[in-house]
Amino acid sequence: MAGIDYVEQIPNNVNLHENRRLLRALEDWQPKFLEWWKDMGPHGYQAKEVYLRTAISVDAQGWAKFGYVRMPEYRWGIFLAEPEAGRQINFGDHQGSPAWQEVPGEYRGVLRRLIVTQGDTEPASVEQQRHLGRTCPSLYDLRNLFQVNVEEGRHLWAMVYILDAHFGRDGREESEALLQRRSGDADKPRILGAFNEKTPDWLSFFLFCYFTDRDGKYQLASLAESGFDPLSRTCRFMLTEEAHHMFVGETGMGRIVQRTCELMREHKTDDVRKFGGLDLATIQRYINFHCSVSLDLFGSEISTNAANFYTMGLKGRFEETKKRDDHRLKDATYSVAELNGDRITTREEAALLSLNERLRDDYVADCNRGLARWNQIIKSHGIDVELTLPHRGFHRAIGAFAEVKVSPDGRVVSEAEWDAKHHQWLPTEDDKAYVASLMQPVTEPGKFANWIAPPARGINGQPVDFEYVRLG
Ligand code: BYC
Ligand code: FE
Ligand code: FE
């Protein structure tokens with residue numbers, strides 16, 4: 001059962017061949033997906049052989065097989081984590097009832113919306129990243145980009161499976177719509193803000209993986225708690241793939257910081273642009289941008305939607321079952337950041353209404369852990385600078401802080417101060433032009449662009465100078 005059936009046209013561990021109707025729906029969707037992938041997936045590399053990891057079983061050990069694959073031939077498929085015998089709904093009004101194997105009728109609309117919102121981000125990110133291949137800093141990085149891309153493609157499959165298997169005709173329509181919206185499109189944009197931003201360069205890509213894929217981790221972990229068991233199981237398997245995306249982000253940024261510090265030491269200057277590096281001030285502005293747009297993805301601090309998702313048993317808290325409380329939260333409170341005139345303070349709010357903020361808190365703590373590792377790299381070079389996360393009120397478009405201007409250190413500032421200083425806080429046109437100027441492709445095995453250090457080790461025990469993508 002833990003193995004995946006690769007004989008089928010759509011690899012799966014859900015006995016797809018026993019459900020002809022579902023199989024037909026997915027077989028009908030597959031060519032549309034491939035068409036989308038060829039139009040909107042990685043530009044220019046579709047015919048190249050890439051050293052990719054493919055899932056072959058869903059247990060924790062040894063589920064991956066590595067080998068050269070042309071991306072359109074990647075075996076996207078449907079893989080759910082193993083069922084847990086006797087699993088129950090662990091929170092909300094239905095706590096203690098058996099987990100649902102079918103969609104509870106009264107929650108159909110809400111659940112569909114949650115699944116569509118999750119599903120929409122997956123192809124969006126592939127669209128955002130589709131031009132990065134031609135400016136890769138190395139073959140190693142090019143391969144990692146494509147690994148992330150094919151897995152986000154599979155995450156789309158994961159949500160389409162749930163829609164087609166459990167939402168009938170509506171589900172099939174939503175599956176098609178997921179291929180029709182486009183990141184950044186004026187008429188049919190992707191659903192959530194961050195997924196309509198551009199990812200024009202590799203600094204942005206690594207920070208997207210670090211901050212935005214990490215929202216994926218926290219949202220998927222919350223959906224993995226769902227009382228709707230098929231959603232829980234599919235999200236649990238997606239989380240195993242998500243870990244790699246955050247690895248790409250964290251180590252990519254660590255290597256940039258490493259190279260920057262080497263250049264600072266070698267030339268005894270902060271201004272490493274002269275030497276083709278990314279200065280720490282620019283890196284900080286890019287962090288401020290990607291962190292703030294990702295903080296928006298958690299929704300408003302006070303949210304009746306979030307309270308409903310929880311009470312209905314559809315979306316839990318991060319590590320719900322590890323928490324020691326009543327898992328209903330009718331009387332509990334939670335401390336939430338709020339705008340109080342021109343000051344930012346906290347107040348006790350109903351815990352149920354504060355679930356978005358609580359998840360954001362878990363997320364911020366996790367973001368800080370990687371940042372501490374980058375700062376350790378800086379410190380080990382004897383450099384007295386610290387990278388920081390911007391205050392949660394900074395540059396927000398959703399929630400309590402959307403209406404005001406907040407500095408990265410958390411002061412509510414006037415429009416005049418914002419206008420005078422925002423170029424110190426967010427990437428400027430000049431920064432973007434400079435970063436773009438660094439984006440020259442490096443495709444010789446084992447060679448790396450000047451602005452990024454090589455990784456400590458290669459992929460799957462291969463050497464760093466392995467031919468991760470065959471360009472010949
Ligand atoms: N942009 O009560 P509110 C990933 C809307 S990333 C635009 O504040 P709620 C990945 C909201 O939809 C994980 N609109 O928020 C990463 C609502 O609209 P309606 C993605 C926004 O509903 C990298 C209204 O504002 N997964 O996997 O509690 C690469 C008021 O909503 C935004 C999920 O998000 C925004 N930022 O929470 C690849 C999980 N924020 O309904 C993949 C599923 C809010 O009034 N989604 N709005 O028309 C959810 O759980 C919730 O929809 C949200 C919002 C957490 C996003
Ligand atoms: Fe994903
Ligand atoms: Fe991801």
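Right above here is the structure, for reference.
These figures come from a predicted structure and were not determined experimentally. (Residues numbered from 1 in each chain as written. Chains lettered and ligands numbered in written order. Predicted model: local features only at pLDDT ≥ 70, side-chain atom pairs only at ≥ 80, totals over all residues.)

Points about the overall build of the chain
A tally of helices and strands in the chain yields eleven helices and seven strands. Projecting the C-alpha coordinates of the chain onto the three principal axes gives extents of approximately 65 × 60 × 40 Å. Residues classed as buried in the chain amount to 45% of the 472 residues present. Here the contacts in the chain between residues at least 6 apart in sequence split such that 70% fall between residues at least 24 apart. (Helix = DSSP H or I, 4+ residues; strand = E, 2+ residues; numbered from the N terminus. Buried ≥ 20, exposed ≤ 12 C-beta atoms within 10 Å, placed from the backbone. Contact = placed C-beta atoms within 7 Å.)

Comments concerning the site of ligand 1
Surveying the vicinity of ligand 1 reveals 25 residues, the closest of which are Gly 216, Gly 299, Ser 300, Ser 303 and Asn 305. Among the elements of the structure, helix 2 (108-128), helix 5 (202-224) and helix 8 (304-311) are those that each provide at least two residues to the shell around ligand 1. Looking at the shell around ligand 1 residue by residue, the class counts come to six nonpolar, 13 polar and six charged. (Near = placed C-beta within 6 Å. Nonpolar A, V, L, I, M, F, W, Y, C, P; charged D, E, K, R; others polar.)

Some words on the nonpolar core
One broad trend across soluble globular proteins is that nonpolar side chains are buried collectively. If you look at the biggest cluster of nonpolar residues, it comprises 111 residues, and the most contacted ones within it are Phe 206, Leu 207 and Ile 256. At 16 residues, helix 3 (residues 139-166) tops the list of elements feeding residues into this core. Ignoring anything within four residues of it in the chain, the contact list for Ile 256 reads Leu 203, Phe 206, Leu 278, Ile 283, Trp 451 and Ile 452. (Core = buried A, V, L, I, M, F, W, Y, C linked by C-beta atoms within 7 Å.)

Thoughts on the environment of Ala 332
Locating Ala 332 in the fold gives a position in the loop between helix 8 and strand 3 (333-340). In this structure Ala 332 comes out as partly exposed when scored by C-beta crowding, with 13 C-beta atoms within 10 Å. Separated by 113 residues in sequence, Ala 332 and Gln 219 have C-alpha atoms that sit 22 Å apart. With sequence-adjacent residues up to four places away left out, Ala 332 is seen in contact with Asp 325 and Ala 351.

Examining the sheet that holds strand 1 (residues 49-55)
In a beta sheet, neighbouring strands pair by backbone hydrogen bonds and run either parallel or antiparallel. The antiparallel open sheet is built from three strands, whose spatial order is 2-1-7. A strand with exactly one partner marks an edge of an open sheet, and here the two such strands are strand 2 (64-70) and strand 7 (469-470). Where strand 1 and strand 7 come together, two bridges link them in antiparallel fashion. Residue Glu 49 lies in a different strand from strand 7, and its bridge partner there is Arg 470. The sheet contacts of helix 3 involve strand 1 and strand 7, and relative to strand 1 the element is tilted by about 45 degrees. (Pairing = 2+ DSSP bridges. Axes fitted to C-alpha atoms, helices over the stretch in contact; angles between N-to-C directions.)

Notes on the pairing of strand 1
On any regular strand, side chains alternate: one points to one face of the sheet, the next to the other face. When you tally the buried positions in strand 1, you get five out of seven residues, the bulk of the element. Two strands pair when backbone bridges link them, and strand 1 and strand 2 are joined in this way by seven bridges, in the antiparallel orientation. Across the sheet, Glu 49 pairs through a bridge with Arg 70, a residue of strand 2.

Re unusual backbone geometry
The residue His 327 is not glycine, and still its phi comes out positive at about 60 degrees. Structurally, the position occupied by His 327 is in the loop between helix 8 and strand 3. The backbone of Asn 460 shows a phi angle near 55 degrees, a positive value even though the residue is not glycine. Topologically, Asn 460 is positioned in the loop between helix 11 (429-438) and strand 7. Overall, the presence of 12 C-beta atoms within 10 Å leaves Asn 460 in the exposed class.

Comments concerning the packing of helix 3 against helix 4 (residues 168-180)
Direction vectors running N to C along helix 3 and helix 4 enclose 155 degrees, while the axes themselves pass 7 Å from each other. Looking at the two axes, helix 3 sits roughly antiparallel to helix 4. Of the residues in helix 4, those in contact with Leu 156, Val 160, Leu 163, Asp 164 and His 166 of helix 3 are Gly 171, Arg 172, Glu 174, Ser 175 and Leu 178. In the contact of helix 3 with helix 4, the residues fall into four nonpolar, three polar and three charged. (Parallel < 35°, antiparallel > 145°, perpendicular 65-115°, else oblique.)

Quick notes on the packing of helix 1 (residues 20-40) against helix 3
Angle between the axes and distance between the axes are the two parameters that describe a pair of packed helices. Contact geometry for helix 1 and helix 3: axes closest at 11 Å, N-to-C directions at 150 degrees. Considered as vectors, helix 1 and helix 3 are oriented roughly antiparallel to each other. The chirality of how helix 1 crosses helix 3 is right-handed. When helix 1 is examined against helix 3, the residues Leu 22, Ala 25, Leu 26, Trp 29 and Trp 37 are found in contact with a partner set consisting of Gly 153, Val 160, Asp 164 and Ala 165. Its residues assigned to classes, the contact of helix 1 with helix 3 comprises seven nonpolar, one polar and one charged. (Left-handed = near helix turned anticlockwise from the far one by under 90°.)

Concerning the environment of Lys 48
Examined against the element boundaries, Lys 48 turns out to sit in the loop between helix 1 and strand 1. With 18 C-beta atoms counted inside 10 Å, the residue Lys 48 sits in the partly exposed group. The spacing of Lys 48 and Arg 70 is 22 residues in sequence and 5.6 Å in space, taken between C-alpha atoms. The contact partners of Lys 48, leaving out residues within four places of it in the chain, are Arg 70, Val 469, Arg 470 and Leu 471.

Describing the environment of Arg 134
Note on placement: Arg 134 falls in the loop between helix 2 and helix 3. Along the sequence, Arg 134 and Pro 441 sit 307 residues apart, while their C-alpha atoms lie 6.2 Å from each other. Excluding residues that lie within four positions of it along the chain, Arg 134 makes contacts with Gly 44 and Pro 441.

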